[in-house]
Amino acid sequence: MAALNVSCNHSHIHIHIHIHSSSTASSVVPPTSSASISRLALSSTLPHLRSLSQQPFLSVEGKRQLRIYSRICTSLSVSSAMASGIVKEELPPALDSSSDPPAIFDGTPKLYISYACPYAQRVWIARNYKGLQEKIKLVPIDLQNRPAWYKEKVYPPNKVPSLEHNNEVKGESLDLLKYVETNFEGPPLLPNDPAKREFAEELLSCVDSFCKSVVSSFKEDGIGEAGAAFDRIENALGKFDDGPFFLGNFSLVDIAYAPFIERFQPFLLEVKKYDIAEGRPKLATWIQELNKIEAYTVTKRDPKELVESYKKRFLA
């Protein structure tokens, strides 16, 4: 049975859940859980609640209460967006060589990205998912005509993403994912379960080799190493059975892989006539569930644009 207590103020929803359940449940969720969730992050939290309400260890009453709570959060999310006027973030134009720099080291955290860069997309997704749109300013850069001040004053490696925070600028997308998780509030993107955290590190260490295996097949006659690479993804998605994502719930691992699979899927389908989801039901479900997460979908590019970009890059 689940006892729920919800209170709220202008910016956050405060949640206290106490679940009376079997020992099986205690290995999945703690008996008592409290959280303070940004109103902007409510839509990211809802999939976790819906998933929890389907778990077999909960009593009928517990499931009923969680479903009611999910509906309350849905209503709060919609009403919060309407009241604040925030439905979707208005994305700023990319800054180029003719653009003036933003105010640098003024105390406002800034995430420098390119809308087209999959590495930058990772950190952009994490920012959105944790409801940090009002705390971390998005500063897009035109990589084809990048401003000189970016290298000179912001980030000498002259790459994206980079994050300006606490009078420092840090880079490297996987490092930034962990940094945002550690240093900012919002729904967690790493579980407390030690086994899941260990598996997360294993998968994060493999993402570069996964991408290289897939890319190596682009100029080959057949599918090459890509098939085996996607088989490994399918197997990894079967590691935990408490949700459709790599660690059960949506996490940094999903964010690390998502921008690249977003690009690989349409490219391989058009150029190789190869459907990465065929014969891989877990991967197919992962893609389907991923596309329900607004924090991710607002960062997506037009698939046709992605395919054309990859054609020019790999097949020219």
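Here is what the cut-offs are and how they apply
- Residues numbered from 1 in each chain as written.
- Predicted model: local features only at pLDDT ≥ 70, side-chain atom pairs only at ≥ 80, totals over all residues.
- Heavy atoms only, no water.
- Helix = DSSP H or I, 4+ residues; strand = E, 2+ residues; numbered from the N terminus.
- Buried < 20%, exposed > 50% of the residue type's maximum accessible area, 1.4 Å probe, protein only.
- Contact = heavy atoms within 4.5 Å.
- Areas by Shrake-Rupley, 256 points an atom, 1.4 Å probe, with all protein chains shown as cover.
- Arc of directions from axis to C-beta.
- Axes fitted to C-alpha atoms, helices over the stretch in contact; angles between N-to-C directions.
- Parallel < 35°, antiparallel > 145°, perpendicular 65-115°, else oblique.
- Nonpolar A, V, L, I, M, F, W, Y, C, P; charged D, E, K, R; others polar.
- Pairing = 2+ DSSP bridges.
- pLDDT = per-residue confidence, 0-100.
- Expected span 1.5 Å × (residues − 1).

Caption draft 1: Quick peek at the overall build of the protein. Scanning the protein for helices and strands turns up 12 helices and 7 strands. For the protein, with 316 residues in total, the buried portion stands at 47%. Considering only contacts in the protein between residues 6 or more positions apart, those separated by 24 or more positions represent 67%. Surface accessibility of the protein: about 15700 Å² in total, with carbon and sulfur atoms responsible for 52%.

Caption draft 2: Local environment of helix α10 (residues 281–290). Of the residues making up α10, those classed as buried are L283, W286, I287 and L290. Take α10 and look down its axis: the buried residues cluster within an arc of 95°, on one side only. On the buried face of α10, the contacting elements are α8 (226–236), α9 (252–272) and α11 (294–297).

Caption draft 3: Local environment of the packing of helix α4 (residues 118–129) against helix α6 (residues 173–183). Two elements in contact, α4 and α6, have axes separated by 9 Å at closest approach and are oriented at 10°. When the axis of α4 is compared with that of α6, the two are roughly parallel. Counting all contacts with α4, which are made through Y119, R122, V123 and A126, the residues of α6 involved are S173, L174, L176, L177 and V180. Across the contact of α4 with α6, the residue classes break down as 7 nonpolar, 1 polar and 1 charged.

Caption draft 4: Fine view of the sheet that holds strand β4 (residues 110–113). The mixed open sheet is built from 4 strands, whose spatial order is β5-β4-β6-β7. Every other strand in the sheet has two partners, leaving β5 (137–140) and β7 (168–171) as the edge strands with one partner each. Across the sheet, the mean angle separating the axes of adjacent strands is 20° when strand polarity is ignored. Note: β4 against strand β6 (residues 162–165), 3 bridges, orientation antiparallel. Within β6, the residue paired with K110 across the bridge is E164. Set on the sheet, α6 makes contact with β6 and β7; between it and β6 the angle comes to about 30°.

Caption draft 5: Summary view of the confidence of the model for the protein. Confidence in the prediction for the protein averages 83 pLDDT; 72% of positions are at 70 or higher. Under a pLDDT of 50 for its full length, residues 7–12 has, in the predicted model, 17 contacts with residues more than four places off or in other chains. Throughout residues 21–40 the model reports pLDDT below 50, and contacts reaching past four residues in sequence, or to other chains, amount to 46 contacts.

Caption draft 6: Local environment of α4. For α4, with 12 residues, the first-to-last C-alpha span of 16 Å sits near the 16 Å given by 1.5 Å per residue. A large share of α4 lies buried, amounting to 11 of its 12 residues. Downstream of α4 by a residue or two, G131 has a phi angle that is positive, lying close to 70°.

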